[in-house]
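Residue strings, one per chain:
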Amino acid sequence: MKFSFFHLMPYPYLPDDFDTAYDSCALTYPNANFDPALGSALYARYLDELEYADQLGFDGIAVNEHHQSAYGLMPSPNLMAAALTRRTSRARIMVLGNAIGIRGNPLRVAEEIAMLDLMSGGRIDSGFVRGIGWEYFGHSINPVKSRSRFNEAHDLIIKAWTSPELFSWYGESYEYRYVNLWPRPLQQPHPPIYIPGAGSAETMKFCAERKYTYMSVYAPTRIVRRWFDGYRQAAADLGYVPDPERIAFSVPIYVADTDERAHAEGRPVIEWLYHKGLRQTPEMVTPPGYMSPGSLRGVLSSGMRGLGVSSYEDLLASGQAVVGSPASVAERLGTLYAELGGFGQLIGLFAIGPSTHEQVMRSTELFATEVMPVLRPLGTKAEVSPGAST
Amino acid sequence: MADGAPTEEFLELTGGRVHLLRAGTGEPVLFLHAAGGAGVWHPFHQAIADAGFEVLAPDHPGFGKSDEFPEVEAIDDLVYHYLDVMDALGLARPHVVGASFGGWIAAELAVHSPHRIGSLTLLSAAGLRIPEHPVTDIFLLPPAKLVATLYHDPPAAPLTPSPDAPPDLDAVIAAYREATSLARFSWVPYLSDPKLERRLGRISAPALVVAPSDDRLIPVEHARRYAARIPGAAYAEVPDCGHAMYFERPAEFAAKVTGHLSKHSLSAHPLAAAESGASR
């Protein structure tokens, strides 16, 4: 099993009347509520936490891209990755990912990732995401074009990284007469690719065809199981069994010395994430065209509930958060491992809400020293029979 | 209402099928529907037919029962689409009436092919970019606020099911499909063509611009700007009415439209003699 420390870089200082006064902490949430002095201190603290995870022996440290939101303060994940290249030395630096669906110029992403790969000595993992619904409002990109823009940007970036010669590009959304990447990435043929999935069969096939890592996003275990099985089936259809490392389970984690303390401290953090950080209107989640009518039908009939309505207890029971003492967390993750049919990467969201720096450092340290050793042997072989967990 | 229900038909074009409602006899009136209202035959339409006109109401690409026409990507494609529709229907120079989103299409059509338009009626048309009077973002409005935005006096009975009612999945998917089609044509620039305003001087047909007095979606300044820029355009307001227009004040809107159509009979046009026999 490989372990990553994923930082969402939230802006946790929401007003007391947030729940009644605002639909969301994104898109239209007034930026007068952002205090630059606090924000500056948060960046310093958050980078310290990522660097600490590197020192503790996490295999990866992860950042992502979000816009116009208190949910996450990283409009440019590549800037954060650049900062990490100079003060970490072991962990892979995972950009999960660049939102290439909403970028105006995807060639710039190819250039920046290539730079990061060189600066980090070949430690970059490159995730690509479409960008979430509200970002299509915020960056004025037509959501109807989301998937075609994503696919075209992906194809262009891969070709830019790998082509040994200048080429021209004439696509539906982008045209370049001269693509001639300087610098080229260090890793050959290019940095490993991560793609988050949320149930789309098209995405499962896309990842399986290219042997990209398929990672889960917030969803109950029974639904993530369906996604992972879909990816495994897509690989089987192509005649191979995916390396367990190509399947990554991402989940919010909070560890403290005892169960009692973990729940007392972890509850407000998990509740902040799901009830405030991810609070959105349906119009923000699914702008027109962001999903195909068929996919929307699938989501609506799958019984998935809005993220804002599940209680803390429901979130724990459904595998959407893992909280407890080191022993409890190890046991719970072992159970989830079995219920999900196995996975070779665990991407822990350790910094997701109004937790203090001390709490994040302690949770991360306990996980690294007491949970990782227990789970490390899992996920190294492809076939996992249910119940094989410790 | 003399003739009752309209006939329903499908036009076969190269890119797919267009669903069309038709009723009445007389000079042809091509009606271009708003973002809502595809495939709806309203008392407003019947009133125009009853006044002695043949009303032809097609569904836009990706709306109602019309096919997607994926190659129709933007407003310029819609103009060519409707030129195809007019040709398929044998409409050489019909009256053209457009509401809201359909009004934008009508205005673009009249700018592109002024000689193909017998008369033009714009009912609170979208299409202009007026930064100091922005159009409300319809894509971000939750259903409850949408009703309050569309009506001057929102109906007491909810137009949308209560949150407790089990969702009608087919209706949700159908609404999402139409919203997707609208977004395809109008996400950005938002419900407008920044070049349209300076082209409006090309319009030669007699034009009427009608605005509901209390339009909370498309500010009334848009209608006034259309009236100011289209040569010789007449302007009228319907009081105590919101953007829902003929859903809120059907008789008043029908009267404005039929008054304009009757005043500008196609046969009175200088081109009419040359065209006689050419049109259907």
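Look a little higher up for the structure.
As the structure is a prediction and not an experimental result, all values here were calculated from the model. For every chain, the first residue of the written sequence is number 1, and numbering continues from 1 along that sequence. Each chain takes a letter, starting from A, and each ligand takes a number, starting from 1, following the order in which they are written. In view of the model being predicted, local features appear only for residues whose pLDDT reaches at least 70, and side-chain atom pairs are presented and counted only at 80 or more, with totals across whole chains, interfaces and linings using the full set of residues. Neither water nor hydrogens contribute to the side-chain values; these are computed over all heavy atoms in the structure.

Focus: the overall build of chain B
Reasoning step 1: For chain B, the count of helices and strands is 9 helices and 8 strands.
Reasoning step 2: Each of the three principal axes of chain B carries a C-alpha extent, and together these read 60 × 40 × 40 Å.
Reasoning step 3: A total accessible area of about 11,700 Å² is found for chain B, and carbon and sulfur atoms account for 56% of it.
Reasoning step 4: The convention is simple: Lys and Arg are positive, Asp and Glu are negative, and His and the chain ends are not counted. Note on charges: their place is set at NZ of Lys, CZ of Arg, CG of Asp or CD of Glu. If the 21 positive side-chain charges of chain B are averaged to one point and the 34 negative ones to another, these points end up 7 Å apart. Elements are defined by DSSP. Helices are runs of H or I of four residues or more, strands are runs of E of two residues or more, and each kind is numbered from the N terminus. Each accessible area is a Shrake-Rupley estimate made with a 1.4 Å probe; only the visible protein chains count as cover when residues are assessed.

Thoughts on the interface of chain B and chain A
Reasoning step 1: Whether two residues are in contact is decided by their heavy atoms, any of which lying within 4.5 Å being enough. Each partner contributes to the interface: chain B provides 19 residues, whereas chain A provides 25 residues.
Reasoning step 2: For the pairing of chain B and chain A, the buried interface totals around 1,700 Å² over both sides, and the portion due to carbon and sulfur atoms is 70%.
Reasoning step 3: Summed over both partners, buried area is the accessible surface (1.4 Å probe) that two parts give up on being assembled. Its largest share of buried area at the contact with chain A, chain B owes to Leu140(B), Tyr176(B) and Trp187(B), together 42% of the area lost on that side.
Reasoning step 4: A carboxyl oxygen of Asp or Glu within 4 Å of a side-chain nitrogen of Lys or Arg is what we treat as a salt bridge. At the surface where chain B touches chain A, the tally comes to 2 salt bridges.
Reasoning step 5: The residue Asp170(B) makes a salt bridge to Arg297(A) at a minimum N-O spacing of 3.1 Å.
Reasoning step 6: Put simply, the parts of the chain that give the side of chain B that touches chain A at least two residues each are α4 (143-150) and α5 (169-186) of chain B.
Reasoning step 7: It is α5(B) that contributes the most residues to the side of chain B that touches chain A, 9 residues altogether.

Considering the packing of helix α7 (residues 201-210) of chain A against helix α8 (residues 221-237) of chain A
Residues and elements named next belong to chain A.
Reasoning step 1: Working convention: axes come from line fits to C-alpha atoms, limited for helices to the stretch in contact. Angles between N-to-C directions cover 0 to 180 degrees. Interhelical geometry of α7 versus α8 gives an angle of 45° and a closest axis separation of 8 Å. Relative to α8, the element α7 is oriented oblique. Relative to α8, the crossing made by α7 is right-handed. For the pair α7 and α8, contact is made by Met204, Lys205, Cys207 and Ala208 and by Arg226, Trp227, Gly230, Tyr231, Ala234 and Ala235, respectively.
Reasoning step 2: We call Asp, Glu, Lys and Arg charged. Ala, Val, Leu, Ile, Met, Phe, Trp, Tyr, Cys and Pro are nonpolar, and the rest, Gly among them, are polar. Its residues placed into classes, the contact of α7 with α8 shows 7 nonpolar, 1 polar and 2 charged. In this scheme, roughly parallel covers angles under 35 degrees and roughly antiparallel covers those over 145, while 65 to 115 is roughly perpendicular and the rest are oblique. Handedness of each helix crossing follows the sense of rotation of the near helix against the far helix: counterclockwise by less than a right angle gives left-handed, clockwise gives right-handed.

Concerning the pairing of strand β4 (residues 124-129) of chain A
All names here are of chain A.
Reasoning step 1: Whether a residue is buried, partly exposed or exposed follows from its accessible area with a 1.4 Å probe, protein chains only, as a fraction of its type maximum: under 20%, in between, or over 50%, in that order. The buried fraction of β4 amounts to 6 of the 6 residues, a majority that puts the element mostly inside the structure.
Reasoning step 2: With burial as the criterion, each face of β4 is covered, one bearing Ile124, Ser126 and Phe128 and the other bearing Asp125, Gly127 and Val129.
Reasoning step 3: A pair of strands is considered paired only if DSSP assigns at least 2 bridges between the two. Across 5 bridges, strand β3 (residues 92-99) lies against β4 in parallel orientation. For Asn98, the partnering residue across the bridge sits in β4 and is Phe128.
Reasoning step 4: On the question of chirality, the crossover connecting β3 to the parallel β4 by way of helix α4 (residues 106-119) is right-handed.
Reasoning step 5: In this structure, β4 lies alongside strand β7 (residues 193-197), joined through 2 bridges in parallel fashion. Its bridge partner being in β7, Ser126 is matched across the sheet by Ile193. Handedness rule for crossovers: strands pointing away from the viewer, path from the first strand over the helix to the second running clockwise, crossover right-handed.

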